[in-house]
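Each chain, written out:
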Amino acid sequence: GVWRSDCMAASFASTVVLRKQRLTFAEALVREDCVPESATEALRVVDAEELLSRVGSAELVQELLRMIDALPLEEAAVPKLRCRMLFRRFDKDIFGVGEEDLMRSLSGNNTLEDALLVDDVFDRYLKNDAADFLISGNDPGASQNIAGSAMMILRGDEGSLLACGSVSVERALGAAYGFDVRKGVILARRKDDLGASFNCYQR
C-alpha cells in the first residue's frame, strides 16, 4: 500500500479473525499513527483473497469489497480478553443499496425478494461467525452481524498500541474458554436462541 509520509510510526502485530467455521487467525502489521487506515488495508487484502477463492470472479469481488468499504470500521472491547476488535457491522441501510442486479447475480437465488437478497449475500459471502463469537463473548444478547474479516489489537493504558499476535490471542482464548485453538475449535450456531450464540466443538 501507499502510506502518507506522516504515517511512518512503529508497526505492531495484530491478529486477523478469518471468516471460517473453524476458529482461524492470521497476523498483520498495524501502524500506530494510522490504525484505521492500516487495519482497513490489511483486512481488505485478507477479504479479497478469501472472496476470490469462493466467488471466482475478480470483478464481483471488487464490487463486494466496495460494499464492505462502505460500512464504517468500529472498535470495541472484546469480552473476557484484554484486546479490542476492529470490525464492520452489517447494515442493511448501507450495504447493497441500489445494487439489486448485483445482489441477484451474487445470490444465485432468483426467487428471493430484494430485501432478502441482501441478507442472502451477507450470509453466503461476508458473515463472520468467529468474530461474532469473540465480540459477543458468546452472549446471545450481544450478538453482532459482522461483515468480512475482523482484527484484534491490544492497547496500553494510554491507548497506544501493543503487540497482539495470534499466539497470545490463542493463549488468552484458552484461559477464557478452556479450549485449545491449535487443535481446532469448530463453531456451530445454536438452534435454541435463533442462532445468536454458539456451541464450540474441540477436535
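Everything that follows concerns the structure shown earlier in this document.
Residues numbered from 1 in each chain as written. Predicted model: local features only at pLDDT ≥ 70, side-chain atom pairs only at ≥ 80, totals over all residues. Heavy atoms only, no water.

### Some remarks on the overall build of the protein
Part 1: Counting secondary structure elements, the protein contains 6 helices and 8 strands.
Part 2: In terms of overall dimensions, the protein is globule-like: its C-alpha atoms have a radius of gyration of 17 Å, near the 17 Å expected for 203 residues.
Part 3: Seen through its C-alpha atoms, the protein measures out along the principal axes to roughly 50 × 50 × 25 Å.
Part 4: When burial is assessed residue by residue, the protein has 42% of its 203 residues classed as buried.
Part 5: Long-range contacts, defined as pairs at least 24 residues apart, comprise 56% of the intrachain contacts of the protein with a sequence gap of at least 6. (Helix = DSSP H or I, 4+ residues; strand = E, 2+ residues; numbered from the N terminus. Rg over C-alpha atoms; globule rule 2.2 N^0.38 Å. Buried < 20%, exposed > 50% of the residue type's maximum accessible area, 1.4 Å probe, protein only. Contact = heavy atoms within 4.5 Å.)

### Observations regarding helix α3 (residues 100–107)
Part 1: Residues of α3 that are buried: Leu102, Met103, Leu106 and Ser107. Take α3 and look down its axis: the buried residues cluster within an arc of 130°, on one side only.
Part 2: Looking at the buried positions of α3, the neighbouring elements they touch are α1 (35–55), α2 (58–69) and α4 (114–126).
Part 3: Immediately downstream of α3, the backbone of Gly108 shows phi near 75°, a positive value. (Arc of directions from axis to C-beta.)

### Thoughts on α4
Part 1: Across its 13 residues, α4 extends 18 Å between first and last C-alpha, which sits within 8% of the 18 Å expected from 1.5 Å per residue.
Part 2: Those residues of α4 not exposed but buried are Leu117, Val118, Asp120, Val121, Phe122, Tyr125 and Leu126.
Part 3: For α4, the secondary structure elements touched by its buried residues are α1, α2 and α3. (Expected span 1.5 Å × (residues − 1).)

### Concerning the packing of α2 against α3
Part 1: It is the contact of α2 with α3, at a shortest axis distance of 11 Å, that shows an interaxial angle of 120°. When the axis of α2 is compared with that of α3, the two are oblique. α2 and α3 meet at a crossing whose hand is left-handed. Along its contact with α2, which presents Leu60, Glu63, Leu64 and Met67, the element α3 presents Leu102, Met103, Ser105 and Leu106.
Part 2: Counted by class, the contact of α2 with α3 contains 6 nonpolar, 1 polar and 1 charged residues. (Axes fitted to C-alpha atoms, helices over the stretch in contact; angles between N-to-C directions. Parallel < 35°, antiparallel > 145°, perpendicular 65-115°, else oblique. Left-handed = near helix turned anticlockwise from the far one by under 90°. Nonpolar A, V, L, I, M, F, W, Y, C, P; charged D, E, K, R; others polar.)

### Considerations on the packing of α1 against α2
Part 1: Contact geometry of α1 with α2 gives a least axis separation of 9 Å together with a crossing angle of 140°. Classified by the angle their axes make, α1 and α2 are oblique. Read as a crossing pair, α1 and α2 show a hand that is right-handed. Residues Arg44, Asp47, Ala48, Leu51, Leu52 and Val55 of α1 form the contact with α2, whose own contacting residues are Ala58, Leu60, Val61, Gln62, Leu64, Leu65, Arg66, Ile68 and Asp69.
Part 2: Partitioning the contact of α1 with α2 into residue classes produces 10 nonpolar, 1 polar and 4 charged.

### Quick word on the environment of Ala9
Part 1: Within the element layout of this structure, Ala9 appears in the segment before β1 (11–17).
Part 2: Distance in space between the C-alpha atoms of Ala9 and Gln21 is 35 Å, their sequence separation being 12 residues.
Part 3: What Ala9 contacts, discounting residues up to four positions off in sequence, is Glu32 and Asp33.

### Examining empty space enclosed by the protein
Part 1: Using the criterion set out here, one finds 1 cavity of 30 Å³ or more in the structure.
Part 2: Computed from the structure, the largest cavity encloses a volume of approximately 30 Å³.
Part 3: Taken together, Thr40, Leu43, Arg44, Asp47, Leu65, Ile68, Asp69 and Arg88 make up the full set of residues lining the largest cavity.
Part 4: Broken down by secondary-structure element, the contributors of at least two residues to the lining of the largest cavity are α1 and α2.
Part 5: Top contributing element to the lining of the largest cavity by residue count: α1, with 4 residues.
Part 6: Of the residues contributing to the lining of the largest cavity, the split by class is 3 nonpolar, 1 polar and 4 charged. (1 Å grid on protein atoms, 1.4 Å probe; cavity = no way out; pocket = protein on both sides within 12 Å on 5 of 7 lines; lining within 4 Å. Points joined across faces, edges and corners; volume = space filled by probe spheres on them.)

### A few points about the state of the cysteines
Part 1: Across all of its chains, the model carries 0 disulfides by this definition.
Part 2: Counting only cysteine sulfurs, Cys164 is the nearest neighbor of Cys83, a cysteine outside any disulfide, at a range of 4.5 Å.
Part 3: Overall, Cys83 belongs to the buried group, its relative accessible area being 7%.
Part 4: Just so you know, Cys200 is unpaired, no disulfide at all, and the nearest cysteine sulfur is the one on Cys83, 16 Å from it. (Disulfide = S-S within 2.5 Å.)

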